[in-house]
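# Structural overview
Here is how the chains run, residue by residue.
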Amino acid sequence: MTDSRVIVNADDLGLDSETNGLIWEAFALGCVSSATLMANMPAFEEACAGIAERGLHGAAGLHFNLTYGEPLTDGLRRHPLFCRDGQFDLNLPPWRLRLDSASRQLVAAELQAQWDRCVRHGVVPSHIDSHQHVHNRLPVGSLVAVFAGQNRVPVRLARNLGRNIGPLKRAYKGLLNAHLRRHCTATVRQVCTPRDLLHGLRPGALVEIVAHPRRLPDGRLGDDYLPDDQSLQAVLQRCLPGYRKISYSELR
């Protein structure tokens with residue numbers, strides 16, 4: 001039986017005022033049903049105020065960030081694997097499967113700090129994903145999965161739909177996603193991008209579509225994954241007719 005629900009999540013809320021504005025427009029157009037906050041970015045407080053003004057509590061998650069800007073915790077700022085000159089500069093090899101105990105504690109503390117900053121500003125995250133998909137790296141994903149399980153929220157799975165996922169990458173993603181599902185509450189089973197829809201993908205189960213809204217040259221709202229002649233709204237309407245957009249909080 002086909003599940004006709006879809007979560008369209010806009011990443012990077014709080015990055016800057018321009019990004020916030022594009023995401024609010026995407027909500028207003030009905031393109032997105034969810035967004036994730038970057039707790040260490042300059043427009044974070046503006047984003048939290050916008051969530052309250054628009055009644056979007058329950059539709060905002062945490063966009064865990066280990067790759068851009070300044071950490072919230074002092075310990076991670078001095079860690080050469082994650083930072084340089086006090087700024088995130090991730091130097092974690094993709095083949096590394098484990099972190100030492102001290103590093104795990106520092107990453108866990110940063111995750112807690114980013115979560116807590118959302119809560120202090122009135123936003124209890126509906127779910128967790130990550131900037132530049134850093135939680136798709138097993139040492140980070142393991143920590144995120146355990147934290148999400150403790151807080152009873154879903155985690156975004158690694159993208160597992162699309163025509164450019166080779167056998168090795170698909171096997172790794174399968175193992176990672178199985179690990180994430182073991183530790184966290186209900187989540188979607190499939191993840192893709194708007195470009196995957198443009199390529200003909202038609203999901204048959206509950207899916208999250210990862211969006212990054214941007215302004216097209218003609219003034220319409222597009223997406224970083226789409227070419228300049230395709231609006232996000234038009235692609236979603238054409239490719240997912242009859243699908244109902246929901247947030248992660250509606251899964252509980």
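One structure accompanies this document, and this report is about it. For clarity, every value in this text was computed on a predicted model and none was experimentally measured.

## Some details on the packing of aromatic side chains
The final tally for this structure, using the stated rule, is 2 aromatic pairs. Aromatic pair Trp24 and Phe27: ring centres 6.4 Å apart, planes at 35°, arrangement tilted. Taken together, the residues span about one helical turn, with Trp24 and Phe27 both in helix H1 (residues 17-29) at a distance of 3 residues. A single burial state applies to Trp24 and to Phe27, both of which are buried. Taking the centre distance of 5.4 Å and the plane angle of 75° together, the rings of Trp115 and Phe147 count as edge-to-face. With a gap of 32 residues between them, Trp115 in helix H4 (residues 101-120) and Phe147 in helix H5 (residues 138-151) connect regions that are remote in the sequence. Per residue, the accessibility class of Trp115 equals that of Phe147, and both read buried.

## Overview of the nonpolar core
In this structure, Leu37 and Leu66 are the most contacted members of the largest nonpolar core, which totals 74 residues. By residue number, the principal contributor to this core is H5, which donates 6 residues.

## With respect to unusual backbone geometry
Negative phi characterises most residues that are not glycine, and trans characterises most peptide bonds. If you check the backbone angles, Asp85 has positive phi at about 55° while not being a glycine. Of note, Gln132 is a non-glycine position whose phi angle comes to about 55°, a positive value. Mapped onto the elements of the fold, Gln132 is located in the loop between strand E6 (128-130) and H5. The exposed category is assigned to Gln132, whose relative accessible area is 55%.

Here is what the cut-offs are and how they apply
Residues numbered from 1 in each chain as written. Predicted model: local features only at pLDDT ≥ 70, side-chain atom pairs only at ≥ 80, totals over all residues. Heavy atoms only, no water. Phe/Tyr/Trp six-rings, centres within 6.5 Å; stacked < 30°, edge-to-face > 60°. Helix = DSSP H or I, 4+ residues; strand = E, 2+ residues; numbered from the N terminus. Buried < 20%, exposed > 50% of the residue type's maximum accessible area, 1.4 Å probe, protein only. Core = buried A, V, L, I, M, F, W, Y, C linked by side-chain atoms within 4.5 Å.

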